[in-house]
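Report on the structure
Letter by letter, the chains look like this.
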Amino acid sequence: MTNLGSLSRQGKSLATVIAASGSFLIGMLLPMEIWTNQQTTTKATTVKTATNTKQINQSVNNKDTPLEVIKISSVVAKKINNTKQKLRELELKTFNFSVPKRFQSQTVKNVTLNSKQKVISLTFDDGPWNKTTEQILDILKKHNIRATFFVVGQHLNVRQEIGKKIVEEGHVIANHTWNHPSKSSKMSSDRIKSEIGRTADLIYKITGRTTNLFRPPGGVLVNGLADYAKERKHTVVLWSADSVDWYYRSAQQITKKVLNRASNGGIVLLHDGGGPRGHVVEALPNIIAGLKKQGYEFVTIPELLTIKDRELHQEELAQKREIKKQETNAQENKEPANKE
Ligand SMILES: [Zn+2]
């Protein structure tokens, strides 16, 4: 409960900062949309802002422009950049980890998207792990990609600094139990609570984040872990593109598996820990290049669910409008004809 309270407080203070930043930007005549909890919106915002900054620079590059105006414009451009940076940091801190309500207590293995924008989510399980997790973080950083890491509590406990780094570099950290039990037999309720609760507490202690994303080890849904996670309003996240990196040790083979199984709204399963994962590190640049070639952009799980949520919201609005239209037509048809 403390975690939820803190998250809510964070949200409130965030809203205040965003409102203040919003006033500033509006004051600067920037048609920015402040609500940036979706990557697509963030991108659009960046483009708009860049265009405006460019326009300011172009307009003051005229030889006749007084020195004062040039100075002011450079200060304004600097402030815009600072504000953009602050908003980005705040977005990473909070929005990154929230899941739309309709996906709470649901099991998701992918989402089907109508949009032409192709997105896919890379997920890494069983870490943090020595060497490989940080190598993967470096590759993701190089390509400016954010992913979702389903960590195992006992691994996080002995590699807390790596866990911190995952979050500091903008990735989402999520729960994959403490001991990684993947048997189908029903577990005791105490064990279930401890597997999920202990890991959640450690994630919070190390990163200050609460997570409501849970991935059951081995994708097993019948041993009680997934049910308990759903009771706690977690989204149970499976996958649609298994790299089979736990079986195949060849970078080439796992790259092929991912590229063949990729789909719009898909979730890719990879492993950064739980055993030797050098082949995953080796494959990752090729997986990224191959997916980019297929036109994919990379999003975290919360971002993926938010994109789908917005699509569904638009569809619901359209349906409501249609029903209202039909009701109005029916009403008009019912009205008695004018007496002559
Ligand atoms: Zn696992």
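1. Considering the overall build of the protein chain
Along its length, the protein chain carries 11 helices and 9 strands. Out of the 340 residues belonging to the protein chain, those deemed buried represent 35%. Looking at the protein chain alone, contacts between residues at least 24 apart form 77% of all its contacts between residues at least 6 apart.

2. What to know about helix α10 (residues 278-293)
Between its first and last C-alpha, α10 extends 24 Å over 16 residues, near the 22 Å set by a 1.5 Å rise per residue. Those residues of α10 lying buried are H279, V280, A283, L284, I287, I288 and L291. Positive phi appears at G295, one or two residues downstream of α10, with a value of about 95°.

3. A short note on the environment of N114
Here N114 lies in the loop between β1 (107-108) and β2 (118-125). With 12 C-beta atoms packed within 10 Å, N114 lands in the exposed category. Residues N114 and G265, spaced 151 residues apart in sequence, show a C-alpha to C-alpha distance of 9.4 Å.

4. A word on unusual backbone geometry
The omega torsion of the bond from G127 to P128 falls at -5°, within 30 degrees of zero and hence cis. Inspection of the secondary structure assignment puts P128 in the loop between β2 and α4 (132-142). In this structure, K131 takes a positive phi of about 65° despite not being glycine. Along the chain, K131 turns up in the loop between β2 and α4. We classify K131 as partly exposed; it has 14 C-beta atoms within 10 Å. Phi angles above zero are rare outside glycine, and T177 is one such case at about 70°.

5. A look at the packing of helix α9 (residues 251-261) against α10
Where α9 meets α10, the axes come as close as 8 Å, and the angle between the chain directions of the two elements is 35°. As α9 runs across α10, the sense of the crossing is right-handed. Contact with α9, carried on its side by A251, I254, T255, V258 and L259, involves H279, V280, E282, A283, N286, I287, G290 and L291 of α10 and no other residues of that element. Within the contact of α9 with α10, the residues separate by chemical class into 8 nonpolar, 4 polar and 1 charged.

6. Observations regarding the nonpolar core
Counting residues in each nonpolar core, the largest one holds 58 residues, and the members touching the most others are F149, I173, A174, F214, V237, V268 and L304. A per-element tally of this core places α10 first, with 6 residues. Ignoring any residue separated from it by four or fewer positions in sequence, one finds V237 in contact with V108, L213, F214, R215, I267 and I301.

7. Examining the environment of Q253
Here Q253 lies in helix α9. Here the alpha-carbon distance between Q253 and A283, two residues 30 residues apart in the chain, equals 8.7 Å.

8. A word on the confidence of the model for the protein chain
Taken as a whole, the protein chain shows an average pLDDT of 83; of its residues, 76% reach a score of 70 or greater. Here residues 1-60 is a poorly scored stretch, pLDDT under 50, and it has 60 contacts once near neighbours within four places are set aside; other chains count.

9. Looking at the packing of α4 against α10
Two numbers describe how α4 lies on α10: the axes approach to 9 Å, and their chain directions differ by 5°. With respect to their mutual orientation, α4 and α10 come out roughly parallel. Within the contact between the two elements, α4 uses T132, Q135, I136 and I139 and α10 uses G278, V280, V281, L284 and P285. Grouping the constituent residues of the contact of α4 with α10 by class yields 6 nonpolar, 3 polar and no charged.

10. Digging into the pairing of strand β8 (residues 266-271)
Within β8, 6 of the 6 residues are buried, which leaves the element mostly enclosed by the surrounding structure. Bridge count between β2 and β8: 6 bridges; the pairing is parallel. Each residue of the ladder has a partner; that of D125, found in β8, is H271. Inspection of the sheet shows strand β7 (residues 241-242) paired to β8 by 2 bridges, in the parallel sense. Following the sheet pairing, A241 is matched in β8 by V268. Note that the unit made of β7, α9 and β8 has a crossover that is right-handed.

So, how was this worked out
Residues numbered from 1 in each chain as written. Predicted model: local features only at pLDDT ≥ 70, side-chain atom pairs only at ≥ 80, totals over all residues. Helix = DSSP H or I, 4+ residues; strand = E, 2+ residues; numbered from the N terminus. Buried ≥ 20, exposed ≤ 12 C-beta atoms within 10 Å, placed from the backbone. Contact = placed C-beta atoms within 7 Å. Expected span 1.5 Å × (residues − 1). Axes fitted to C-alpha atoms, helices over the stretch in contact; angles between N-to-C directions. Left-handed = near helix turned anticlockwise from the far one by under 90°. Nonpolar A, V, L, I, M, F, W, Y, C, P; charged D, E, K, R; others polar. Core = buried A, V, L, I, M, F, W, Y, C linked by C-beta atoms within 7 Å. pLDDT = per-residue confidence, 0-100. Parallel < 35°, antiparallel > 145°, perpendicular 65-115°, else oblique. Pairing = 2+ DSSP bridges. Right-handed = clockwise from strand over helix to strand, strands pointing away.

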